[in-house]
Amino acid sequence: MDVQNKVTPFKEAEALKLIRDGRAEGWEMLHQQYYHGLWSAVHQVVRDDALAEDVVQEAFLKAYKKFKRFKGKSKFSTWMYRIAMNQAYDTIRKIQRRQKRLGLFPLQQNEEDTPIEGVDERTGADAAHHGDLRDALNTALKSLNPEQRAVVELRLIQGFSTEETARILRCKKGTVLSRLYYSCQKLKQLLGDRYAEL
Amino acid sequence: MPNYNEFEKKLVETDRIPRPDAAQTESALLQLRMDLKQVSEMKKRSRFDQTTAWTRLQSEISEPMSVSSWRALSYFATAVAAIVVTVAFFFSTGSQNSQPGLPTISGAEPGIYATPFYSEEAKAEVIWAEGYRYIPANYTY
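Only a predicted model underlies this, so the values are computations on that prediction, with no experimental measurement involved.

Colleague: Please clarify how empty space enclosed by the protein should be interpreted in this entry.
Modeller: If a probe the size of a water molecule is rolled over the atoms, the empty space left behind becomes visible. Scanning all chains against the criterion turns up three cavities of 30 Å³ or more. In this structure, the second largest cavity occupies an estimated 40 Å³ of space. Residue lining of the second largest cavity: Q44, N138, L141, E153 and I157 of chain A together with L36, V39, S40 and K43 of chain B, and that is the complete set. Elements with a contribution of two residues or more to the lining of the second largest cavity: α7 (133–142) and α8 (146–157) of chain A together with α2 (28–47) of chain B. No other element matches α2 of chain B, which puts four residues into the lining of the second largest cavity. Class assignment of the residues belonging to the lining of the second largest cavity gives a composition of four nonpolar, three polar and two charged.

Below is the structure:
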């Protein structure tokens, strides 16, 4: 599991101890460790580089302010990711509400069945065929909805277990598996032969 | 209905293989995970700088008092000042409206005193002074 392997339990414990002693170095260690992963996970939901940075920043500030509430019952990574993902969903909800008030199109539509503008299924398959894997995968990921992208990121890319993913996203394990299953099917459909056996 | 138990089993199997070097693998799920990770790594490398983000965060958490704290403190101070002014105002007007005590009467002779009371008949506050010498009606200065 990638996330857990990056920080040994000893180092994480050390960082948490430093924080409990009121030393900022602890936060620096945790920030160094989790920033990239958090950014990627949040980016799957908000789909905007700068906004993802702001969301992660806010999430760290929240964690800093609420640290006394962290009792160590779950892993710090699970707690931190949960804060960041909540912050990400809150952010897109706020943006959607504002856009609705202003009569604009929503930022995140339900893209499960309707490919986003300018992207069709053939584009993804063709790109994969021509070896442009990055474009093909990015295109295919865009066709998933934010919830599906979040489980793909946490479970498949970052290597959280299904239970941990469920805890982070505050949903049932079955929901995670179902979202992931249909995401894989969708990716298979979009990316053609490469993942035919999925 | 998909068999999620089977799917979870496949997922766990691909968890156990940390980072296979071989690009070709028989498991499509593992292949997908590898490809997604590769894309994710490329995105991270091309995009951002954790150090800058940390500096930004550090400036916020190391401040002795954040902007919001100062704002909260200023609201509190304003509220306290408003209460003090209001209380002071009530005290000052209250002391003016309160019933006066015995008026000071100075006389050449001791034993002069006054009793204030409210006259329902006259609808007025009356100060009844006693102790003065009787002055006849025909007295002239």
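Colleague: Could you clarify how one ought to interpret the nonpolar core in this entry?
Modeller: General note: in soluble globular proteins, nonpolar side chains tend to be found buried as a group. Grouped together as the largest cluster of nonpolar side chains are 69 residues, with contacts concentrated most on W27, F76 and L156 of chain A. For this core, the element with the highest residue contribution is helix α5 (residues 76–101) of chain A, accounting for 11 residues. Excluding residues that lie within four positions of it along the chain, W27 of chain A makes contacts with I19, F60, A63, Y64, F67 and F76 of chain A together with W54 and I61 of chain B.

Colleague: Looking at this structure, how should I read the interface of chain B and chain A?
Modeller: It is common to report an interface's size as the accessible area lost on association of the parts. Each partner contributes residues to the interface: chain B has 34 residues there, and chain A has 45 residues. Here chain B meets chain A over a buried area of about 4000 Å², counting both sides, of which 63% is carbon and sulfur. Inspection of the chain B/chain A interface yields two salt bridges. For R155 of chain A, the salt bridge goes to D15 of chain B, with nearest N and O atoms at 2.7 Å. The interface formed by chain B and chain A includes 10 residue pairs in polar contact (both at pLDDT 80 or more). Sorting the residues of the side of chain B that touches chain A by element identifies α1 (4–16), α2 and α3 (50–61) of chain B as the ones contributing at least two each.

Colleague: It is not clear to me how the pattern of salt bridges should be interpreted in this structure. Could you clarify?
Modeller: Two side chains of opposite charge can pair, provided their charged atoms sit close to one another. In total, this model carries nine salt bridges over all chains according to the counting rule given. Across the pair R56 of chain B and D54 of chain A runs a salt bridge, and its minimum N-O distance is 2.8 Å. Here R56 of chain B, found in helix α3, pairs with D54 of chain A, found in helix α4 (residues 49–65), and the two come from separate chains. Relative accessible area serves as the criterion here: at 36%, R56 of chain B is assigned to the partly exposed category.

Colleague: Can you help me understand the packing of α8 of chain A against helix α10 (residues 173–191) of chain A in this one?
Modeller: How two helices sit against one another is set out by the angle between their axes and by the gap between those axes. All names here are of chain A. For the pair α8 and α10, interaxial distance at closest approach is 9 Å and the crossing angle is 100°. Classified by the interaxial angle, the pair formed by α8 and α10 is roughly perpendicular. For the pair formed by α8 and α10, the contact residues are E147, Q148, V151, V152, R155 and L156 on the first element and V176, R179, L180, Y182, S183 and C184 on the second. Partitioned by chemical class, the residues of the contact of α8 with α10 number seven nonpolar, two polar and three charged.

Colleague: Where do I start with the packing of α4 of chain A against α5 of chain A in this structure?
Modeller: All names here are of chain A. Look at α4 against α5: their axes get within 9 Å of each other, and the N-to-C directions meet at 130°. By the angle between their axes, α4 is oblique relative to α5. Note that α4 runs across α5; the crossing there is right-handed. Within the contact between the two elements, α4 uses L51, V55, E58, A59, F60, K62 and A63 and α5 uses W79, M80, I83, A84, Q87, A88, T91 and I95.

Colleague: What should I look at first to understand α1 of chain B in this one?
Modeller: Along an α-helix, a turn takes 3.6 residues, which lines up residues three or four apart on a common side. Between its terminal C-alpha atoms α1 of chain B stretches 18 Å, which fits the 18 Å expected from 13 residues at 1.5 Å a residue. The distance from a side-chain oxygen at the start of α1 of chain B to the backbone nitrogen of N5 of chain B is 3.1 Å, and the residue carrying that oxygen is N3 of chain B.

Colleague: How should unusual backbone geometry be read in this particular structure?
Modeller: Positive phi, close to 55°, is recorded for R47 of chain A, a residue that is not glycine. Looking at the element boundaries, R47 of chain A is found in the loop between α3 (24–46) and α4. Its relative accessible area of 24% is what places R47 of chain A among the partly exposed residues. Positive phi, normally seen in glycine, also occurs at K123 of chain B, with a value near 50°. A relative accessible area of 59% places K123 of chain B in the exposed class.

Colleague: How should the packing of aromatic side chains be read in this particular structure?
Modeller: In this description, a pair of aromatic rings is defined by centroid distance and the angle of the planes. A complete count under the given rule lists 14 aromatic pairs over all chains for this structure. An angle of 40° between the planes, with centres 6.0 Å apart, marks the rings of F67 of chain A and F70 of chain A as tilted. For F70 of chain A, a relative accessible area of 6% puts it in the buried group. With 6.0 Å between their ring centres and 70° between their planes, F89 of chain B and F90 of chain B make a pair best called edge-to-face. In this structure an aromatic cluster arises from ring pairing among W27, Y34, Y64, F67, F70, F76 and W79 of chain A.

What counts and how
Residues numbered from 1 in each chain as written. Chains lettered and ligands numbered in written order. Predicted model: local features only at pLDDT ≥ 70, side-chain atom pairs only at ≥ 80, totals over all residues. Heavy atoms only, no water. 1 Å grid on protein atoms, 1.4 Å probe; cavity = no way out; pocket = protein on both sides within 12 Å on 5 of 7 lines; lining within 4 Å. Points joined across faces, edges and corners; volume = space filled by probe spheres on them. Helix = DSSP H or I, 4+ residues; strand = E, 2+ residues; numbered from the N terminus. Nonpolar A, V, L, I, M, F, W, Y, C, P; charged D, E, K, R; others polar. Core = buried A, V, L, I, M, F, W, Y, C linked by side-chain atoms within 4.5 Å. Buried < 20%, exposed > 50% of the residue type's maximum accessible area, 1.4 Å probe, protein only. Contact = heavy atoms within 4.5 Å. Buried area = accessible area lost by both parts, 1.4 Å probe. Salt bridge = Lys/Arg side-chain N within 4 Å of Asp/Glu carboxyl O. Polar contact = N/O pair within 3.5 Å; in protein donor to acceptor, adjacent residues only side chain to side chain. Axes fitted to C-alpha atoms, helices over the stretch in contact; angles between N-to-C directions. Parallel < 35°, antiparallel > 145°, perpendicular 65-115°, else oblique. Left-handed = near helix turned anticlockwise from the far one by under 90°. Expected span 1.5 Å × (residues − 1). Phe/Tyr/Trp six-rings, centres within 6.5 Å; stacked < 30°, edge-to-face > 60°.

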